[in-house]
Amino acid sequence: MADPSRQWLIDALRTRLLPALEGQGFVQHPLVGEDARSTEIRTSFPLGQSRRARAGGHDLVEIQLDRRRPAFRLNLGVAPDAGILHAAGPVARDAIWVHYLPRYFELYQHPLFRRWFAIGRWSRASAKAEDYGALVDRAVALLPEIDQTLAAGKPGPHMRAVA
């Protein structure tokens, strides 16, 4: 029998985190085009990207799933309206992934050790769907930190800046 934990995590993210982001003004954008056809992107970012308009651009939040275990982190940044010039060429604002940006942030359960949001190794075997809901609720509780980081451009205590 297949391990249901990844699906429990995705369901909890879909029913708890996405509505909380929508409550903060973010709009969820599912994967489309080449991104939707990419197995690697669909595995890591099954929920697409959330965007919120701001002066001069859009705030971006991506829910990234670990490929090997039921765990996630959030990637966030600001995409300028004019798009960016990436190593592969110009990228329009709506095609920007957070890791394309020259500076972005990653939200972790424990940023010092870059520990993703995950059920503990020893608890994972007995975890149930509600345990994944509680895990996602820990990230939901950090939404004010996401807003502060995006507004000020300075990482909060659960953030890691990547430049």
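Residues numbered from 1 in each chain as written. Predicted model: local features only at pLDDT ≥ 70, side-chain atom pairs only at ≥ 80, totals over all residues. Heavy atoms only, no water.

Chemist: Where do I start with the pattern of salt bridges in this structure?
Modeler: In a structure, side chains of opposite charge can pair up when their charged atoms sit close to one another. Throughout the structure, instances matching the rule amount to 12 salt bridges. Linking Arg51 and Asp94 is a salt bridge whose minimum nitrogen-to-oxygen distance equals 3.7 Å. A residue pair is termed long-range when its members are at least 10 positions apart, and Arg51 in strand 2 (residues 49-54) and Asp94 in the loop between strand 6 (89-91) and strand 7 (104-107) qualify at 43 residues. Take Arg51: its relative accessible area is 13%, and that puts it in the buried class. With relative accessibility at 44%, the residue Asp94 sits in the partly exposed group. Look at the salt bridges and you will find they share partners, linking Arg51, Asp81, Arg93 and Asp94 into a network. (Salt bridge = Lys/Arg side-chain N within 4 Å of Asp/Glu carboxyl O. Helix = DSSP H or I, 4+ residues; strand = E, 2+ residues; numbered from the N terminus. Buried < 20%, exposed > 50% of the residue type's maximum accessible area, 1.4 Å probe, protein only.)

Chemist: Any chance you could explain the packing of helix 1 (residues 5-23) against helix 4 (residues 129-140) here in plain terms?
Modeler: For any two helices packed against each other, the geometry comes down to the angle between their axes and how far apart the axes lie. Orientation of helix 1 relative to helix 4, taken along the N-to-C sense of each, is 40°, at an axis distance of 8 Å. Comparing their axes, helix 4 and helix 1 come out oblique. Read as a crossing pair, helix 1 and helix 4 show a hand that is right-handed. Of the residues in helix 4, those touching helix 1 at Ser5, Trp8, Leu9, Ala12, Leu13, Arg16, Leu17 and Ala20 are Ala129, Tyr132, Gly133, Ala134, Leu135, Val136, Asp137 and Val140. Residues that form the contact of helix 1 with helix 4 fall into these classes: 12 nonpolar, two polar and two charged. (Axes fitted to C-alpha atoms, helices over the stretch in contact; angles between N-to-C directions. Parallel < 35°, antiparallel > 145°, perpendicular 65-115°, else oblique. Left-handed = near helix turned anticlockwise from the far one by under 90°. Contact = heavy atoms within 4.5 Å. Nonpolar A, V, L, I, M, F, W, Y, C, P; charged D, E, K, R; others polar.)

Chemist: I keep staring at the nonpolar core and nothing clicks. Help me out?
Modeler: The tendency in soluble globular proteins is for nonpolar side chains to be buried as a group. Core analysis: the largest hydrophobic core is formed by 30 residues, its most contacted members being Leu13, Ile63, Phe72, Leu76 and Ile146. When contributions to this core are tallied by element, the ones reaching two or more residues are helix 1, strand 3 (57-65), strand 4 (71-80), strand 7, helix 4 and helix 5 (143-152). Leu60, Ile84, Leu101 and Tyr104 belong to the second largest nonpolar core, which has nine residues in total. (Core = buried A, V, L, I, M, F, W, Y, C linked by side-chain atoms within 4.5 Å.)

Chemist: Quick question: what am I supposed to make of the environment of Pro157 here?
Modeler: With respect to the helices and strands, Pro157 occurs in the loop between helix 5 and strand 9 (159-162). By relative accessible area, which is 65% here, Pro157 ends up exposed. A C-alpha to C-alpha distance of 7.7 Å links Pro157 and Pro111, two positions 46 residues apart in sequence. Not counting residues up to four positions away in its chain, the partners in contact with Pro157 are Pro111 and Glu145.

Chemist: How should I be thinking about helix 1 in this particular structure?
Modeler: The periodicity of an α-helix, 3.6 residues per turn, causes residues three or four positions apart to be oriented the same way. Compared with the 27 Å implied by 1.5 Å per residue over 19 residues, the 26 Å span of helix 1 between its first and last C-alpha is a close match. Of all the bends in helix 1, the largest measures some 35° and sits at Leu13. Every buried residue of helix 1 is accounted for by Ser5, Leu9, Ile10, Ala12, Leu13, Leu17, Leu18, Ala20 and Leu21. Against the buried residues of helix 1 lie strand 1 (27-29), strand 2, strand 3, strand 4, helix 4 and helix 5. (Expected span 1.5 Å × (residues − 1). Bend = angle between axes of the 7 residues up to and from the residue.)

Chemist: What is the right way to look at unusual backbone geometry in this model?
Modeler: Among all residues save glycine, negative phi is the norm, and among peptide bonds the norm is trans. Even without glycine at this site, Arg114 takes up a positive phi of about 55°. Relative to the helices and strands, Arg114 resides in the loop between strand 7 and strand 8 (117-118).

Chemist: I keep staring at the pairing of strand 2 and nothing clicks. Help me out?
Modeler: Look at any regular strand and the pattern is simple: side chains alternate between the two faces of the sheet. Examined bridge by bridge, strand 1 and strand 2 share three bridges and lie antiparallel to one another. Its bridge partner being in strand 2, Val27 is matched across the sheet by Arg51. Alignment of strand 2 against strand 3, held across six bridges, turns out to be antiparallel. Within the sheet, the bridge partner assigned to Arg52 lies in strand 3 and is Asp59. Here strand 2 folds back onto strand 3 in antiparallel fashion, the turn holding two residues, of which Gly56 has a positive phi close to 85°. (Pairing = 2+ DSSP bridges.)

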